[in-house]
Amino acid sequence: MRLVATSVTALALLAADLSGQADVIAVRGGTVHTATGPAIENGTVLIRDGRVAAVGAQVSIPADARVLDAAGKTVIPGMIDNHSHIGARTTDLNDRPMLIGPQHRFLDALDPDDEAFADAVEGGVTTIVTGPGSGENVSGMAIVMKTFGEDLGARILLEHGGMKFAMGAKGGQRYPTTTMGVAANLRQYLIRTQEYVASWRRWEEGGREGPPPARDLGYESMAEVLDGRTYVRAHVHSATDVATLIRLKDEFGFDLTLHHSTEAYKLAPELAERGITAVVLPLGDRIGLSEDAMEGPYILWRNGVKIAMHTDAPVISQKWLRLCAAIAMRYGIPEDEALKTVTINAAEIARVDDRVGSLEVGKDGDVVVFDGPWYEPSSRVDWVIGDGRVVFDRSEAGRGDGR
Amino acid sequence: MRARVWFRVGTLAVQSTVGLALVSGSMTASAQEVVAIRGGTVLPISGPPIAGGTVLIREGKIAAVGADVSVPGGARVIDATGKYVMPGIVDAMTSLGVSASDLNDAADPITPEQRIIESYYPYGEFGHGGLAPLRNREALSGGVTTMYVAPADAALIGGQGAVVKTAGSDLAKVTVLEPAAMDMTLGTPPKEAARGRERDPYTRMASMAMLRQELIRAQEYQRRRAESPEAPRDLGMEALGLVLDRNIPVRLQATSATDIRAALRLSEEFGFDLILDGANAAWEFRDELVDRRIPVVLGQVSHPYVSNEEIPNTEDYPPVDESTPARLTEAGVETAIASFSRAFGTLAPAGTGKWLLIDASIALGYGMTEQQVLRALTLIPARIMRIDARVGSLDVGKDADVIILDGPPLSVRTWVERVWVDGVEVFVREGVGS
């Protein structure tokens, strides 16, 4: 009896050890940037059962909480990379023969064990939009997911995380080879989608008499774009193509986010007026843009366009998402607004701001603690908390220093 | 160190040990100006920081550096109070200023006779405009005053690289050292280029065999020429002769451990001086690198993949480890950090020199000191490229390549405000009064 009891206790201890996690974590004493409110000096973030339970300067810490001492450190929400391609083999990103392939779903290519996720976590990126590439004019449905965790179901926030468009001729010698051809081809497909939806509606409204229209996965997926269940994520560089996208939006009424958005700043007022958001360059320090274009994110922001940053990982490592925001700061975006571009703005654009993107009570317990300002390249991530568990602890990480 | 300059006169390769002043040449009118940069925190790199120091520039050279420098009457005085003053950055690997179509010869993977200086365009544009006009102002805006210009990495032997200043349009004056090295590449880039054209080398074995054969040919050529001076000349063989005679080093891009191992083997077999480029996997070889005094030029800390692939092939580019520069430096390997700027008017990878300071500041968080990081961007690349008699630190007699920053050099919030090259003020940031 006694032996059994001991074993049970041992097992319980072992279980606690294995998870290594308290139910309650208090990140205490840091400078807390919530992304939606003013900075809190000497603030505490309390996380219970995977969610943010309290944030403020006067938070009482329960006795059973694991306390992370963040004195002198910077605390921000888990960051969100709004545009990346990790979690799939590069050969699975583009199906070039199918120039318009909305039926492709990134989820079907997902490898949740991709080592790139560890880089993201190490850099404080806890949520990402990851999706197909830009080798076709419509390359498929992105997903929104957490970068950590064993349970894939729990990791996925949105399976229908946005329809990827990519402007520019993609087909080599095949039609369309011109900018205007790409526009015409997209417009034709959207019209066919409208007709497809109408044929189904006629069938439904006609009392479902006779055989139903033939199902077409492509039009079904694009129909989600037209009725607002999802939205368009459009890879675009030139102002000409930005103008085309604005026209298509005006014609078809879909929600639109520009991606890369290199010359979007040239149409900033038109974008602001329509509520079109923009996920922008600079991609860290890797892309050789002119100073004019480097100022683009600032111009968009100043004009009231909601912007977010992206790494395009693996184009640059997701770890350096914050560097994208930091570089944008250099061109005039204030610190807290720059932080939004990798937190709340990115969450709103990805349609997951009910879950992530800020340190607010009830949101997912995704928190990053830096040993210095979040925007300085020389600062290091000390802890990353994801869904209320410590998913990265620099003092225990084998990487980096002195290996 | 060899303060030796290579000139080619007509078709004849002439090895001359003429003074370096020849290359820096005559000064422009403004280079005659005496400039005193006063009151800033001076980071000479070769020595400790000097608070409230003065840097005196005269006739294009550093005339004095220190806390107690008397400023001659008539000098233009720049007040650098609250600012930082340091030598211009030396970017040890770029392919800037060269048209994309001129970077490698499409017809041949082995072109030691080709000299990048003959493709180099010093007049301001670094590319083809379009979405990414890489103007030389871009390099200056990051404080880069000297850079190595190389053929691209699609060839096994791309040709002879040059060291140039980033300002000035007179090619003779902007050239610091030419040829500065022989550029070679192992690994994927030459393989991919060759496969695209259905020619050798398809494999690493073929790459090494071809390099070895070429160097053996060069040895035989040297013997033949020594025996019979009237034997036909061959420019490629002559250029490889410079390598065999250790007059110029080989800069060998080797990103994977396999390629580094091969590079070490090749240099041992043929006795040439080796500089490893993009060798992010060099840690494994640190002891040999220290023993054989082989330096390493790393790519950007955040993105050390030095080739032009948008998505790096993980087989050839080992996972990023930002502590590599710190650990190599600590182990005693001479380690520089360079931009490997290789974008040409497209949105291809291009960490231009504009971002070198910001990128390298990442290394601070991974164990390097500020002094170590700054050395890896200035004096160390200058030493590796054998031009430290002229650039890389603020020492009396060196070229007056000086930059002023409005804050600590290793912060993302800091901007380069002013740049002098050879004593000429060539960059002033918009909004900074003169």
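Bear in mind the structure is a predicted one, so any value in this text is a computation, not a measurement.

What counts, and where the lines are drawn
Residues numbered from 1 in each chain as written. Chains lettered and ligands numbered in written order. Predicted model: local features only at pLDDT ≥ 70, side-chain atom pairs only at ≥ 80, totals over all residues. Heavy atoms only, no water. Helix = DSSP H or I, 4+ residues; strand = E, 2+ residues; numbered from the N terminus. Rg over C-alpha atoms; globule rule 2.2 N^0.38 Å. Contact = heavy atoms within 4.5 Å. Areas by Shrake-Rupley, 256 points an atom, 1.4 Å probe, with all protein chains shown as cover. Pairing = 2+ DSSP bridges. Axes fitted to C-alpha atoms, helices over the stretch in contact; angles between N-to-C directions. pLDDT = per-residue confidence, 0-100. 1 Å grid on protein atoms, 1.4 Å probe; cavity = no way out; pocket = protein on both sides within 12 Å on 5 of 7 lines; lining within 4 Å. Points joined across faces, edges and corners; volume = space filled by probe spheres on them. Nonpolar A, V, L, I, M, F, W, Y, C, P; charged D, E, K, R; others polar. Parallel < 35°, antiparallel > 145°, perpendicular 65-115°, else oblique. Buried < 20%, exposed > 50% of the residue type's maximum accessible area, 1.4 Å probe, protein only. Core = buried A, V, L, I, M, F, W, Y, C linked by side-chain atoms within 4.5 Å. Expected span 1.5 Å × (residues − 1). Salt bridge = Lys/Arg side-chain N within 4 Å of Asp/Glu carboxyl O.

Participant: Sorry, what's going on with the overall build of chain A here?
Facilitator: Looking only at helices and strands, one finds 12 helices and 18 strands in chain A. For a compact globule of 403 residues, the expected C-alpha radius of gyration is about 22 Å, and chain A comes in at 23 Å, within 12% of that figure. Dimensions of chain A, computed from C-alpha atoms along their principal axes, come out at roughly 75 × 60 × 40 Å. For chain A, the proportion of contacts with a sequence separation of at least 24, taken over those separated by at least 6, is 66%. Carbon and sulfur atoms make up 50% of the accessible area of chain A, which totals about 16000 Å².

Participant: I'm lost on the sheet that holds strand E9 (residues 143-146) of chain A in this one. Help?
Facilitator: Residues and elements named next belong to chain A. A sheet is described by the order of its strands in space; here 4 strands give the open sequence E6-E7-E9-E10, paired in mixed fashion. The open sheet has two edge strands with one neighbour each: strand E6 (79-84) and strand E10 (156-158). The sheet shows a mean angle of 25° between the axes of neighbouring strands, direction not considered. The sheet contact formed by E6 and strand E7 (residues 125-130) spans 4 bridges and is parallel. From the neighbouring strand, Met79 faces E7, where its bridge partner is Val125.

Participant: In this structure, what is going on with the confidence of the model for chain A? I would like to understand it.
Facilitator: If pLDDT is low for a region, its predicted coordinates should not be looked at in detail. In this model, chain A carries an average pLDDT of 92, and 91% of its residues clear a pLDDT of 70 or more. Every residue in residues 1-18 of chain A is under pLDDT 50, and counting partners more than four places away or in other chains gives 1 contact.

Participant: Explanation requested: the layout of surface pockets in the structure shown.
Facilitator: The gaps of empty space that remain are located by a probe, the size of a water molecule, rolled over the atoms. Looking at the largest pocket, its volume works out to about 860 Å³. Lining the largest pocket are 32 residues, with Asp114(A), Ala116(A), Pro314(A), Pro312(B) and Thr314(B) positioned closest to its centre. Across the lining of the largest pocket, the residue classes break down as 16 nonpolar, 9 polar and 7 charged.

Participant: In this structure, what is going on with the packing of helix H4 (residues 179-205) of chain A against helix H5 (residues 217-226) of chain A? I would like to understand it.
Facilitator: Each pair of packed helices can be described by the angle between their axes along with the distance between the axes. Residue and element names in this part refer to chain A. The interhelical angle for the contact between H4 and H5, taken along N-to-C directions, is 95°, at an axis separation of 9 Å. It follows that H4 is roughly perpendicular to H5 by the angle criterion. Contacts from Tyr189, Leu190, Arg192, Thr193, Gln194, Tyr196 and Val197 of H4 reach H5 at Gly218, Tyr219, Glu220, Met222, Ala223 and Leu226. Classifying every residue of the contact of H4 with H5 gives 8 nonpolar, 3 polar and 2 charged.

Participant: Even after reading the chapter, I still don't get the confidence of the model for chain B, so can you show me in this structure?
Facilitator: All names here are of chain B. Chain-level pLDDT for chain B is 87 on average; 87% of the residues reach the 70-or-more range. Low confidence marks residues 1-29, where pLDDT is under 50. Its contacts with residues over four positions away, or in another chain, come to 62 contacts. Considering only residues more than four positions removed or in separate chains, one finds that residues 126-133, a stretch of pLDDT under 50, has 27 contacts. Scored as a whole, the predicted complex attains pTM 0.90, and scored at its interfaces, ipTM 0.88.

Participant: Is there a simple way to explain the pairing of strand E11 (residues 175-185) of chain B in this structure?
Facilitator: Within a regular strand, the side chains alternate between the two sheet faces. Residue and element names in this part refer to chain B. Most of E11 sits inside the fold, with 11 of its 11 residues counted as buried. Of the pairings in the sheet, the one linking strand E10 (residues 157-165) to E11 comprises 6 bridges and is antiparallel in character. Residue pairing across strands places Val163 opposite Leu177, the latter belonging to E11. Where E11 meets strand E12 (residues 250-253), 4 bridges bridge the pair, whose relative direction is parallel. By the bridge assignment, Thr185 is partnered in E12 with Gln253.

Participant: For this particular structure, what's the right way to read the nonpolar core?
Facilitator: Soluble globular proteins: nonpolar side chains tend toward being buried together. Among the nonpolar cores identified, the biggest contains 131 residues, and Leu258(A), Leu271(A), Leu300(A) and Trp374(A) are the most heavily contacted of them. In terms of residues, this core owes the most to one element, helix H10 (residues 321-330) of chain A, which gives 8 residues. Among all residues touching Trp374(A), those that are not within four sequence positions of it are Thr74(A), Ile76(A), Arg322(A), Ala325(A), Ala326(A), Met329(A), Glu335(A), Ala338(A) and Leu339(A). Counting residues in hydrophobic clusters, the runner-up holds 41 residues, among them Ile110(B), Met237(B), Ala254(B) and Phe272(B).

Participant: Explain H4(A) here, please?
Facilitator: All names here are of chain A. In a regular helix each residue adds 1.5 Å, so 27 residues correspond to 39 Å; H4 covers 39 Å between its end C-alpha atoms and thus fits that length. Among the residues making up H4, those that are buried are Gly181, Val182, Ala183, Asn185, Leu186, Tyr189, Leu190, Thr193, Tyr196, Ala198, Ser199 and Trp203. In this fold, the buried residues of H4 make contact with strand E8 (138-141), strand E11 (163-166), H5 and helix H6 (239-252). Just past H4, the residue Gly207 takes up positive phi, approximately 75°.

Participant: I would appreciate a short explanation of the sheet that holds strand E13 (residues 274-277) of chain B in the present structure.
Facilitator: What holds strands together in a sheet is hydrogen bonding between their backbones, with the strands either parallel or antiparallel. Residues and elements named next belong to chain B. Reading across from one edge, E8-E9-E10-E11-E12-E13-E14-E15 is the order of the 8 strands in this open sheet, with mixed pairing throughout. Taken across any chain shown, the strands that pair with only one partner, and hence form the sheet edges, are strand E8 (89-94) and strand E15 (335-337). Sheet twist, expressed as the average angle between the axes of neighbouring strands with direction ignored, equals 25°. Pairing analysis gives 4 bridges linking strand E9 (residues 144-149) to E10, with the strands arranged antiparallel. Counted as the bridge partner of Thr146 is Lys165 from E10. Contacting E12 and E13, helix H7 (residues 257-270) crosses the sheet at an angle of about 170° to E13.

Participant: How do you make sense of the side chain of Thr230(A) when you look at a structure like this?
Facilitator: Tracing the backbone through its elements, the reader meets Thr230(A) in the loop between H5 and strand E12 (232-236). In this structure, Thr230(A) is in contact with Met141(A), His160(A), Gly161(A), Gly162(A), Met163(A), Glu224(A), Val225(A) and Arg351(A), ignoring residues within four places of it in sequence.

Participant: Even after reading the chapter, I still don't get the pattern of salt bridges, so can you show me in this structure?
Facilitator: Side chains that carry opposite charge are capable of pairing whenever their charged atoms lie near each other. Applying the stated criterion across every chain yields a total of 45 salt bridges over all chains. The shortest N-O distance in the salt bridge between Arg187(A) and Glu251(A) comes to 2.8 Å. One end of the pair, Arg187(A), is in helix H4; the other, Glu251(A), is in helix H6, and 64 residues separate them in sequence. Judged by its relative accessible area of 24%, Arg187(A) falls in the partly exposed class. As a salt-bridge pair, Arg390(B) and Asp399(B) come within 2.7 Å of each other at their nearest N and O atoms. By sharing partners, the salt bridges in this structure join Arg51(A), Lys146(A), Arg355(A), Asp364(A), Asp366(A) and Asp387(A) into a single network.

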